[in-house]
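Now for the letters of each chain:
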Amino acid sequence: MRLKISLLKEPKHQELVSCVGWTTAEELYSCSDDHQIVKWNLLTSETSQIVKLPDDIYPIDLHWFPKSLGIKKQTQAESFVLTSSDVLSEKGCSFGVLLSLPVFFHHTPSLSCVVVTFQKRSLRSGGKFHLISKLGRVEKSVEAHCGAVLAGRWNYEGTALVTVGEDGQIKIWSKTGMLRSTLAQQGTPVYSVAWGPDSEKVLYTAGKQLIIKPLQPNAKVLQWKAHDGIILKVDWNSVNDLILSAGEDCKYKVWDSYGRPLYNSQPHEHPITSVAWAPDGELFAVGSFHTLRLCDKTGWSYALEKPNTGSIFNIAWSIDGTQIAGACGNGHVVFAHVVEQRWEWKNFQVTLTKRRTMQVRNVLNDAVDLLEFRDRVIKASLNYAHLVVSTSLQCYVFSTKNWNTPLIFDLKEGTVSLILQAERHFLLVDGGGIYLYSYEGRFISSPKFPGMRTDILNAQTVSLSNDTIAIKDKADEKIIFLFEASTGKPLGDGKLLSHKNEILEIALDQKGLTNDRKIAFIDKNRDLYITSVKRFGKEEQIIKLGTMVHTLAWSDTCNILCGLQDTRFTVWYYPNTVYVDRDILPKTLFERDASEFSKNPHIVSFVGNQVTIRRADGSLVHISISPYPAILHEYVSSSKWEDAVRLCRFVKEQTMWACLAAMAVANRDMTTAEIAYAAIGEIDKVQYINSIKELPSKESKMAHILMLSGNIQEAEMILLQAGLVYQAIQININLYNWERALELAVKYKTHVDTVLAYRQKFLETFGKQETNKRYLQYAEGLQIDWEKVRAKIEMEITKERERSSSSQSSKNTGLRP
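Residues numbered from 1 in each chain as written. Predicted model: local features only at pLDDT ≥ 70, side-chain atom pairs only at ≥ 80, totals over all residues. Heavy atoms only, no water.

Asker: Give me the lowdown on the overall build of the protein chain, citing residues and values where you can.
Answerer: Within the protein chain, the regular secondary structure consists of 15 helices and 57 strands. Dimensions of the protein chain, computed from C-alpha atoms along their principal axes, come out at roughly 110 × 70 × 45 Å. With 817 residues in all, the protein chain has 56% of them scored as buried. Looking at the protein chain alone, contacts between residues at least 24 apart form 47% of all its contacts between residues at least 6 apart. Counting 95 positive and 90 negative side-chain charges, the protein chain places the centres of these two groups 1 Å from one another. (Helix = DSSP H or I, 4+ residues; strand = E, 2+ residues; numbered from the N terminus. Buried < 20%, exposed > 50% of the residue type's maximum accessible area, 1.4 Å probe, protein only. Contact = heavy atoms within 4.5 Å. Lys, Arg positive; Asp, Glu negative; His and termini not counted. Charge placed at Lys NZ, Arg CZ, Asp CG, Glu CD.)

Asker: Summarise the sheet that holds strand 46 (residues 497–498); cite the residues concerned and give the values.
Answerer: In spatial order, the strands read 43-44-45-46; together these 4 strands make up an open sheet with antiparallel pairing. Each of the sheet's edge strands pairs with one partner strand only, and the pair in question is strand 43 (462–464) and strand 46. (Pairing = 2+ DSSP bridges.)

Asker: Please set out the pattern of salt bridges residue by residue, giving values where relevant.
Answerer: Taken as a whole, this structure holds 38 salt bridges when the rule is applied. Two residues, Asp198 and Lys201, come together in a salt bridge whose shortest N-O distance is 3.4 Å. Taking the relative accessible area as the measure of exposure, Asp198 reaches 35% and is therefore partly exposed. For Asp527, the salt bridge is made with Lys544, and the minimal N-O distance between the two is 3.6 Å. Pair noted here: Asp527 is in the loop between strand 48 (518–523) and strand 49 (528–532) and Lys544 is in strand 50 (residues 543–546), with a separation of 17 residues, a long-range link. Each of Asp581, Asp583, Lys587, Glu682 and Lys685 takes part in one network of salt bridges that share partners. (Salt bridge = Lys/Arg side-chain N within 4 Å of Asp/Glu carboxyl O.)

Asker: So what about the nonpolar core? Which residues, and what values?
Answerer: With 48 residues, the main nonpolar core has Phe569, Leu632, Leu660 and Tyr677 as its most contacted residues. In terms of residue count, helix 6 (residues 654–666) provides more of this core than any other element does, 10 residues in total. Formed by 25 residues, the second largest nonpolar core is a distinct cluster that contains Ile729, Ala745, Leu756 and Ile784. (Core = buried A, V, L, I, M, F, W, Y, C linked by side-chain atoms within 4.5 Å.)

Asker: Got a sec to walk through the packing of aromatic side chains? Specific residues and values, please.
Answerer: Going through the model one piece at a time under the given rule, you end up with 33 aromatic pairs. Ring geometry for Phe398 against Trp403: centres 6.2 Å apart, planes inclined by 35°, an arrangement best described as tilted. Just as Phe398 is buried, Trp403 falls in that class too. Sitting over the face of the ring of Tyr775, Arg759 holds its NZ or CZ atom 4.8 Å from the ring centroid. For the cation-ring pair, Lys761 lies above Trp786, with the distance from its terminal atom to the ring centre recorded as 5.7 Å. (Phe/Tyr/Trp six-rings, centres within 6.5 Å; stacked < 30°, edge-to-face > 60°. Lys NZ or Arg CZ within 6 Å of the ring centre and 35° of its normal.)

Asker: Can you explain unusual backbone geometry? Please cite residues and give values.
Answerer: The phi dihedral of Ser639 is positive, around 60°, even though this residue is not glycine. Structurally, Ser639 can be placed in the loop between helix 4 (628–637) and helix 5 (641–651). For Ser639, a relative accessible area of 52% translates into the label exposed. Its identity is not glycine, yet Arg668 carries a phi of approximately 60°, on the positive side. Within the secondary structure layout, Arg668 lies in the loop between helix 6 and helix 7 (670–679). Residue Arg668 is classed as partly exposed on the basis of its relative accessible area of 37%.

Asker: Outline the sheet that holds strand 26 (residues 291–296), supporting the account with residue identities and numerical values.
Answerer: Reading across the sheet, the 4 strands line up as 24-25-26-27 and stay open at both edges, with antiparallel pairing between neighbours. For this open sheet the edge positions go to strand 24 (274–277) and strand 27 (301–305), each flanked by a neighbour on one side alone. The average undirected angle you get between the axes of adjacent strands in this sheet is 15°. (Axes fitted to C-alpha atoms, helices over the stretch in contact; angles between N-to-C directions.)

Asker: Outline helix 13 (residues 752–765), listing residues and values.
Answerer: Helix length check: helix 13 (14 residues) gives 20 Å between terminal C-alpha atoms against 20 Å at 1.5 Å per residue, within 8%. Of the residues making up helix 13, those classed as buried are Thr754, Val755, Leu756, Ala757, Arg759 and Leu763. Positive backbone phi, approximately 65°, marks Gly767, located one or two places after helix 13. (Expected span 1.5 Å × (residues − 1).)

Asker: Please set out the side chain of Thr672 residue by residue, giving values where relevant.
Answerer: Tracing the backbone through its elements, the reader meets Thr672 in helix 7. Judged by relative accessible area, Thr672 falls into the buried class, the value being 6%. Each residue touching Thr672, except ones within four places of it in the same chain, is listed here: Trp641, Val645, Leu660 and Ala664.

Asker: Break down the packing of helix 6 against helix 7 for me, with residues and values.
Answerer: Here helix 6 crosses helix 7 at 155°, and the two axes come no closer than 8 Å. Here helix 6 is positioned roughly antiparallel relative to helix 7, judged by the angle of their axes. Where helix 6 crosses over helix 7, the two elements pack in a sense that is left-handed. For the pair formed by helix 6 and helix 7, the contact residues are Trp657, Leu660, Ala661, Ala664 and Val665 on the first element and Met670, Thr672, Ala673, Ile675, Ala676, Tyr677 and Ala679 on the second. (Parallel < 35°, antiparallel > 145°, perpendicular 65-115°, else oblique. Left-handed = near helix turned anticlockwise from the far one by under 90°.)

Asker: So what's going on with the pairing of strand 33 (residues 357–362)? Residues and values would help.
Answerer: Both strand 32 (residues 348–354) and strand 33 contribute to a ladder of 6 bridges, which runs antiparallel. Within strand 33, the residue paired with Phe348 across the bridge is Asn362. Hairpin connection from strand 32 to strand 33: 2 residues lie between these consecutive antiparallel strands. Where strand 33 lies against strand 34 (residues 367–372), 6 bridges are found, and the strand directions are antiparallel. Paired with Met358 across the two strands is Leu371, which belongs to strand 34.

Asker: Summarise helix 11 (residues 725–734); cite the residues concerned and give the values.
Answerer: Most of helix 11 sits out of view: 9 of its 10 residues are buried. For helix 11, the set of buried residues is Val725, Tyr726, Gln727, Ala728, Ile729, Gln730, Ile731, Asn732 and Ile733.

Asker: I'd love a proper account of the confidence of the model for the protein chain, names of residues and values included.
Answerer: Of all residues in the protein chain, 92% have pLDDT values of 70 or greater, and the mean over the chain is 87. Every residue in residues 69–76 is under pLDDT 50, and counting partners more than four places away or in other chains gives 24 contacts. Within the model, pLDDT remains below 50 along residues 89–124, and this stretch shows 65 contacts once partners closer than five positions in the same chain are excluded. (pLDDT = per-residue confidence, 0-100.)

Asker: Please provide a residue-by-residue account of the pairing of strand 37 (residues 394–399), values included.
Answerer: Note on strand geometry: in a regular strand, side chains alternate between the two faces of the sheet. Most of strand 37 sits inside the fold, with 5 of its 6 residues counted as buried. Where strand 36 (residues 386–391) hands over to strand 37, the hairpin turn is made up of 2 residues, counted between the paired strands. As paired strands, strand 37 and strand 38 (residues 402–410) are joined by 5 bridges and run antiparallel to one another. Looking at strand 38, one finds that Gln394 is bridged to Asp410. The antiparallel hairpin formed by strand 37 and strand 38 contains 2 residues in its connecting segment.

See below:
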């Protein structure tokens, strides 16, 4: 990936350009110390002056009113806020802080005149912000700060404006320009400010410190030392919740929202004067003297360009995230297009060579195809033998079997910010909603939920499988919404998946039946959990699979899960083992040392038996795992149990036998389970399976299989529904659930003496006296007669055998012609 720079021969501004802002993907406004606001049309390459500001107004920062929020359209989308420094009379507000930062220019003698200009107006300057329409009409000017207003930002809903200034104040205003509150005040200038993703917190600079202050009066303030020099710029992305900072120490840094460092750049030659996140949070741009850098969200650099621009004081991304504009110290506005993005799947490699051209290379035979598009490419995804490309107006669907005849359909709304693929269909996310399409271009569904914000969704918070769509809620990050893919309606009884902690990342498994669909997720403690998405009435178990998990991915060919755990790369060959026999889960894992991947690696894909991991320095590492577990999954899904056993005997690995044991129990194949458990030395379970085989009725067998899986309540329920009350009581006695055993005996008025007899025997074994009040109550005046108890038990077993044989004979009779 790189930046394609375009720069006019002659600058359109006569002075330093202080700020830029996009109205659409092809239209930009720039403001300069020459008091002009200029509109740039990139389609026609024309520029026009929108307004000439008064000579006493020097623009500093510009921010457009947000155009849309999720599916709600805003009416005031055609205006922007412009902050400025205004030259006042001698009687005006006097404030002795330089608007500019002298360190910027110590390295750039050619711009020394700019310092003088700033110094002159800083001595006697006031600060205003101006609400200006797209046509250039100044709707309102507000005296905001004593000294220059150094930055102004609308919140994501467009309901509030925050401004910061040389006077060290942070102020909150209504969208009409009425002062709501002074959020904070300090003795040093505040050079930059950003809203938190929920618009409930504000991030601002304080010398070398960064401060996150909530709007609530008594909420805890987070503050930390971020740089060794004055911090000049910050940005906070609403999608990935990460913070960027840049300073006079010539470094840029990435932080999480708790102030923990994620990336610290090497020192540059000059101070970093601007940073900005791309809208989708996957990339960010860094500006310095004669320098424009494109970086991944984790910090490593994709591209470094050296345009002749002077210092780049402000960077703005286009709405579709395909291009960057920079406000330059020498009067230029620099434009850069993001090109040479790459997508890979199996033997295909797709590269965006130009804004409207892609190159497809088949690495097996070196065949090359060129794909031309009518409009600029915004997003693309390559998976499951299909390439899905969204342009500014249309969506193209290519099959890897035929690149010449794509399926094309018009997009409903706005700019696509996310494409997710599953085997049968794909998902598009844009400013208007979430849309599911088949690969034939047929619209399938559009899931919705209250308060849905599509502008903050990404691949970590949305997951897609053949039958399910999962979306993590931003309003309450402990909740996951689950939808049927075919209808877009809530899954099951509409009950949400709720967890005790905030959830960071979600992923649905890709294969198997709808009823067996599982979702894995990582919470804020970095614990990995798995649960079923099928939610009818009873609460589904959420079971922990691992700790300190930073990233995860499901295989696209079978339900194998992989993740990076602290210093280990772990593969869960059969994650459903936690529902079947948790004791053997460690035996179903593959682990290897992950220290070679350095700090903060990320799993990019899991295709077939190959896992691709991106290291912190941006390099890709490919890991091949054993192909045999995937073959075992295939045999079991086709009920080829003999082939599965032969495969395990051929491979001779404990991991394979442990997976087969869990798979066999899950599918109620006790013969295979017995062989597999014997192979891994689980002799007690082999004996238990043999005892299950001898049980007279299928209900008893089913109940004991469930008990082997640890599902005691379900086992009891099956027995009670079949009228096998004694057997339900007996399993609780065997598990020493004495309270429940007595409760059932009393409720069904049978075998109370049996429960009391076994309880007495249990206490005598340990030389204890009865202290339970309920047992003392029912034992009063009752003489335990073991012969009677054994006779009753024998009668129950006989009745069960007879019931089973009569039911079998009636089935056989019904089958006769």
